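# Remarks on the overall topology
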Amino acid sequence: MISVKHYTDRMFAFRITRPASFRFRSGEFVMIGLEPPGEKPILRAYSIASPSWDEELEFFSIKVQDGPLTSKLQAIRPGDTVVLGRKSVGTLVHDALTPGERLYLFSTGTGFAPFASIIRDPETYERFRQVIVTHTCREVGELAYGFDTVEAARNDPLVGEQATAQLVHYTSVTREPWKQQKRITTLIETGELFRDLGVPPLDPATDRVMICGSLDMLNDTRALAEAAGLTEGSNAKPAEFVVEKAFVG
Ligand code: A2P
C-alpha cells in the first residue's frame with residue numbers, strides 16, 4: 001500500500017502498486033483484501049477507481065465498523081500489504097454500451113469509484129460528446145472524493161482538455177443542507193436534473209447510462225432508465241444502460 005486518505009468517518013481512499021502484469025478495463029472491479037498472519041484472506045469486490053493507464057491502483061471504500069474487511073482495511077498504512085485478485089471483471093465498461101452522444105454516470109456513496117476511473121479515461125471522451133457524472137451522498141463531506149477526482153481529471157495532461165470541455169459534475173446531498181438536497185431518482189423522475197443541466201430528458205436515441213450504488217438505488221434507477229425506454233446491456237450484448245452494485249463489507 002502506497003497512500004491512504006480518510007475523507008470522512010465513513011469513507012476513505014487508498015492507492016497500491018499496480019503489478020506490471022495486471023491489466024483491466026476502466027470501470028471494472030477486482031477482489032482485494034487482507035491476509036492477517038495465520039488467518040484466511042478476507043477478500044471483497046472493489047471497483048478500481050484509477051484509470052487503466054495509471055501505474056498505481058486506487059480504491060474508494062466505505063468503512064463498516066463491524067465489517068469483516070473494512071473494519072481492518074481502514075487501519076492500513078503505507079508499507080502494509082494488500083492482497084489483489086488476478087482478474088478484473090464488470091459491466092460498467094464501454095464495451096457493454098452501444099455508441100451514443102451523452103453518457104450519464106449515476107452514483108451514490110462509494111458507487112462513485114468506477115466512475116472515477118471512467119472520467120479519467122480518454123476513450124470516454126472519444127466515445128461521447130458530453131459526460132455527466134452525478135454523485136449523491138448523505139453528507140457534504142462524502143462528496144469530497146468526487147470533487148478531488150473531477151479536478152484531477154480536468155488538470156490531467158492526458159484527458160484534461162477533454163474533461164474540461166465535456167465533463168459535467170452534478171452533486172446532491174440528502175441529509176444536510178446543500179444546493180441540491182434530493183435523491184438522484186427523484187431528480188430524474190421529476191425532470192429537475194435535466195432542467196438544472198439544460199439538457200433534454202433521457203432518450204435512448206442519444207443517451208447511455210451507467211449506474212452504481214446500493215442495491216435499492218440500482219433497482220430504483222434501473223426502473224427509471226427502463227421507463228425512459230433504455231435497454232440494459234452487458235459485455236455479451238451491448239445496449240443502452242448498465243448497472244453494478246457498490247460492494248461493501
Ligand atoms: P437517503 O439519505 O435519502 O437515504 P448510502 O450511503 O446509504 O448508500 O446512501 C447514499 C445516498 O444514496 C444517500 O444520499 C441516500 O439517500 C441515497 N439513496 C439511498 N437509497 C436510495 C434509492 N433507493 N434510490 C436513490 N438514492 C438512494
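None of these values were measured; they are calculated from a predicted model.

This brings us to helix H8 (residues 215-227). Between its first and last C-alpha atoms H8 spans 18 Å; for 13 residues at 1.5 Å apiece the expected length is 18 Å, and the two agree. Of all the positions in H8, only Met217, Leu218, Thr221, Leu224 and Ala225 are classed as buried. Buried residues of H8, seen end-on, are gathered within an arc of 130° and therefore sit on one face of the element. Those residues of H8 that are exposed and angled more than 90 degrees off the buried face are Asp216 and Ala227. Buried residues along H8 sit in contact with strand E7 (102-108), helix H6 (184-189), strand E10 (207-213) and strand E11 (241-245). Trailing H8 by a residue or two, Gly229 shows a phi angle of about 95°, which is positive.

Turning next to the sheet that holds strand E4 (residues 42-47). The strand order E4-E3-E6 describes an open sheet built from 3 strands, whose pairing is antiparallel. Strand pairing shows two members of the sheet lacking a second neighbour, E4 and strand E6 (83-84), which therefore form its edges. Of the pairings in the sheet, the one linking strand E3 (residues 29-34) to E4 comprises 6 bridges and is antiparallel in character. Pairing of Met31 across the sheet is with Ala45, part of E4.

Our next topic: the domain arrangement of the chain. Domains assigned within the chain are domain 1 (3-84) and domain 2 (94-243). Computed from C-alpha atoms alone, the centre-to-centre distance between domain 1 and domain 2 is 23 Å. With 21 residues of domain 1 at the contact, the number on the domain 2 side is 20 residues. The three residues of domain 1 that bury the most area against domain 2 are Tyr7, Trp53 and Phe60, which together make up 32% of that side's buried surface. Counting the contacts that link domain 1 with domain 2 gives 4 salt bridges. The closest approach of N and O atoms between Glu58 and Arg120, which form a salt bridge, is 3.2 Å. For the pair domain 1 and domain 2, the interface holds 14 residue pairs in polar contact (both at pLDDT 80 or more). Where the side of domain 1 that touches domain 2 is concerned, the elements lending two or more residues are strand E2 (11-17) and strand E5 (56-62). The element best represented in the side of domain 1 that touches domain 2 is E5, accounting for 4 residues. The residue makeup of the side of domain 1 that touches domain 2, split by class, is 10 nonpolar, 7 polar and 4 charged.

According to the stated counting rule, one finds 13 salt bridges in the structure shown. Notably, a salt bridge pairs Arg15 with Glu56, separated by 2.6 Å at the nearest N-O pair. Remark: Glu56 occurs in strand E5 and Arg15 occurs in strand E2; sequence separation between them is 41 residues. Looking at Arg15, the relative accessible area reads 17%, which means it is buried. Salt bridges sharing common partners tie together Arg15, Asp54, Glu56, Glu58 and Arg120.

The rules behind these values
- Residues numbered from 1 in each chain as written.
- Predicted model: local features only at pLDDT ≥ 70, side-chain atom pairs only at ≥ 80, totals over all residues.
- Heavy atoms only, no water.
- Helix = DSSP H or I, 4+ residues; strand = E, 2+ residues; numbered from the N terminus.
- Expected span 1.5 Å × (residues − 1).
- Buried < 20%, exposed > 50% of the residue type's maximum accessible area, 1.4 Å probe, protein only.
- Arc of directions from axis to C-beta.
- Contact = heavy atoms within 4.5 Å.
- Pairing = 2+ DSSP bridges.
- Domains from an automatic or database assignment.
- Buried area = accessible area lost by both parts, 1.4 Å probe.
- Salt bridge = Lys/Arg side-chain N within 4 Å of Asp/Glu carboxyl O.
- Polar contact = N/O pair within 3.5 Å; in protein donor to acceptor, adjacent residues only side chain to side chain.
- Nonpolar A, V, L, I, M, F, W, Y, C, P; charged D, E, K, R; others polar.

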